[in-house]
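Working through the structure, step by step
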Amino acid sequence: MRIRLAALFFVTLTAVLSGHTLAADWQQIQQQARGQTVYFNAWGGSETINDYIRWAGKEVNQRYGIKLEQVKINDAADVVSRILAEKTAGRTTDGTVDLIWINGENFRAMKANSLLYGPFTQDLPNYALVDTEHKITTLYDFTTPVDNLEAPWGMAQLVFMYDSARISQPPRSMTELLAFARQHPGRMTYPAPPAFHGTTFLKQALYELAQDPKVLSKPVSEVDFDQVTKPLWDFLDQLHPLMWRQGKTFTSGSAEMQQLLNDGEIDISLSFNPNDASNAINSGELPDSIRSYVHRSGTIANTHFVAIPFNASAKAAAMVVADFLMSPQAQAHKADTQVWGDPTVLSMDKLSSADKALFDALPAGKAALSAQDLANVIPEPHVSWVEPLEQAWQQRYAH
């Protein structure tokens, strides 16, 4: 018994000292961060998101004395190429990027080329509040282990939208979507890959139609690509002549899809933000009758992250910003459908009652889906599937 008590005392003392050490280290990082400027390379195609980043910039400036500059980009792959060029040129310090909004194949490329700083998220106080137990995509980015090299920022899941004033029962599977298109020719479409939403539509269709969807978790080099994807191409060959403009023209992304839905040119749109429809209703970009839905088998979901390049000039400040973006205050503000409506990465069970109240007080969007509606999640295929799928689509349909 005496030995057990001694061991318990040692473990407890170690834990307490470790906690004090982490707290002291974090205080030192905050002191280093004060006065630094963080150049945050983030997609700039949404004024809603840009406004949120401006709000976050004001907050970190007031709280930590950090200047946050958003560098608006069109494609994170261009930033990854720039960081790789800096490494090749021997620029191992004072890089042009301090923080990057990233996930998927770009994260895999940065990890494979040792372009990432870290691991670092285990040192961020708010990382302990992330729901890594139930939101497994916070640990695996398109099946690539995160290994604490990027900080979870928000959750995403493919959802569809329809106008309840025109449609009573939306199609709840790809098979039903084809039947819908036969009954309502010209009333649906999807973005052309490699636009992100277009590629996601392909992956969703492949998951639903493949004879054995489990093979999609393997590297594409380990399976017979033509055999696995044949049901997808057979499906699209039937669907395209029934689509908007006979499938000869595709939209550029979800924004154009939403505009066509608002104009009454199509009946179904899609998004990777479950709250997009509610946001658009609030801003007057969609009518009140728009509603969201997901397919019966579930829909593809993932997590988006922020990462710090290996040669960032302001690593301490970038860590503080990444931690703030995961804070209950920043996550609740982001989840507000009147602000952005981006779902949180945090676990409600890990929050204090005061922090949980921030989420409980959020207004329910008119087109929002319940947690139960969104519970059936399909993981992203192995990241190696993206390029072959996009190339095969281009060869078949890009005329």
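The rules behind the values
Residues numbered from 1 in each chain as written. Predicted model: local features only at pLDDT ≥ 70, side-chain atom pairs only at ≥ 80, totals over all residues. Heavy atoms only, no water. Helix = DSSP H or I, 4+ residues; strand = E, 2+ residues; numbered from the N terminus. Polar contact = N/O pair within 3.5 Å; in protein donor to acceptor, adjacent residues only side chain to side chain. Contact = heavy atoms within 4.5 Å. Buried < 20%, exposed > 50% of the residue type's maximum accessible area, 1.4 Å probe, protein only. Expected span 1.5 Å × (residues − 1). Domains from an automatic or database assignment. Buried area = accessible area lost by both parts, 1.4 Å probe. Salt bridge = Lys/Arg side-chain N within 4 Å of Asp/Glu carboxyl O. Nonpolar A, V, L, I, M, F, W, Y, C, P; charged D, E, K, R; others polar. Pairing = 2+ DSSP bridges. Axes fitted to C-alpha atoms, helices over the stretch in contact; angles between N-to-C directions.

Another point: the side chain of T200. Following the sequence through the fold, T200 ends up in helix α6 (residues 196-209). Within polar-contact distance, the side chain of T200 engages the backbone oxygen of F196 at 2.9 Å. Sequence-distant contacts of T200, that is, excluding residues within four places in its chain, are made with L158, F272 and I300.

Cis geometry marks the peptide bond from G118 to P119, where omega comes out at 10 degrees. For P119, the location among the structural elements is in the loop between α4 (105-112) and β4 (140-141). Even without a glycine there, the phi angle at S114 is positive, about 55 degrees. Assignment of secondary structure puts S114 in the loop between α4 and β4. Unlike most non-glycine residues, T143 shows phi in positive territory, near 75 degrees. When you line up the elements, T143 lands in the loop between β4 and β5 (144-145). Taking the relative accessible area as the measure of exposure, T143 reaches 29% and is therefore partly exposed.

Here helix α2 (residues 47-64) spans 25 Å end to end across 18 residues, near enough to the 26 Å set by a 1.5 Å rise per residue. Turning to α2, its buried residues are I49, N50, Y52, I53, A56, G57, E59, V60 and Y64.

Relative to the assigned elements, T175 resides in helix α5 (residues 174-183). With a relative accessible area of 56%, T175 lands in the exposed category. In the structure, T175 is positioned 30 residues away from A205 in sequence and 9.3 Å away in space, judged by C-alpha atoms.

A separate point is the domain arrangement of the protein. Along its sequence, the protein is carved into domain 1 (33-154 + 302-361) and domain 2 (159-301 + 377-397). Between the C-alpha centres of domain 1 and domain 2 the distance comes to 28 Å. On the domain 2 side, the residues contacting the 15 residues of domain 1 number 16 residues. For the pair domain 1 and domain 2, the summed buried surface comes to about 1,200 Å²; carbon and sulfur atoms form 54% of the total. When the buried surface of domain 1 facing domain 2 is broken down by residue, F142, N302 and T337 rank first, second and third, together holding 43% of it. Inspection of the region where domain 1 meets domain 2 yields 0 salt bridges. Taken together, domain 1 and domain 2 are joined by 4 residue pairs in polar contact (both at pLDDT 80 or more). Class assignment of the residues belonging to the side of domain 1 that touches domain 2 gives a composition of 4 nonpolar, 8 polar and 3 charged.

Below, the discussion takes up the side chain of S292. As for its placement among the helices and strands, S292 is situated in strand β9 (residues 290-293). Residue S292 is classed as buried on the basis of its relative accessible area, which comes to 9%. Within the structure, S292 has its side chain in polar contact with the backbone oxygen of A367 (distance 2.9 Å). What S292 contacts, discounting residues up to four positions off in sequence, is F160, M161, Y162, P274, A277, A367 and L369.

Because side chains alternate across strand β3 (residues 99-102), one face comprises the buried residues L99 and W101, and the other comprises I100 and I102, equally buried. Alignment of strand β1 (residues 37-43) against β3, held across 2 bridges, turns out to be parallel. By the bridge assignment, N41 is partnered in β3 with I100. Bridge count between β3 and strand β10 (residues 299-307): 3 bridges; the pairing is antiparallel. Across the sheet, the residue bridging to W101 is V306, located in β10.

Now for the sheet that holds strand β7 (residues 159-163). Overall, antiparallel pairing links the 3 strands, which are arranged β8-β7-β9 in an open sheet. Among the strands making up the open sheet, the edge pair consists of β8 (268-271) and β9. Ignoring which end each strand starts from, the neighbouring axes of this sheet average 30 degrees apart. When β7 meets β8, the two strands line up antiparallel, connected through 4 bridges.

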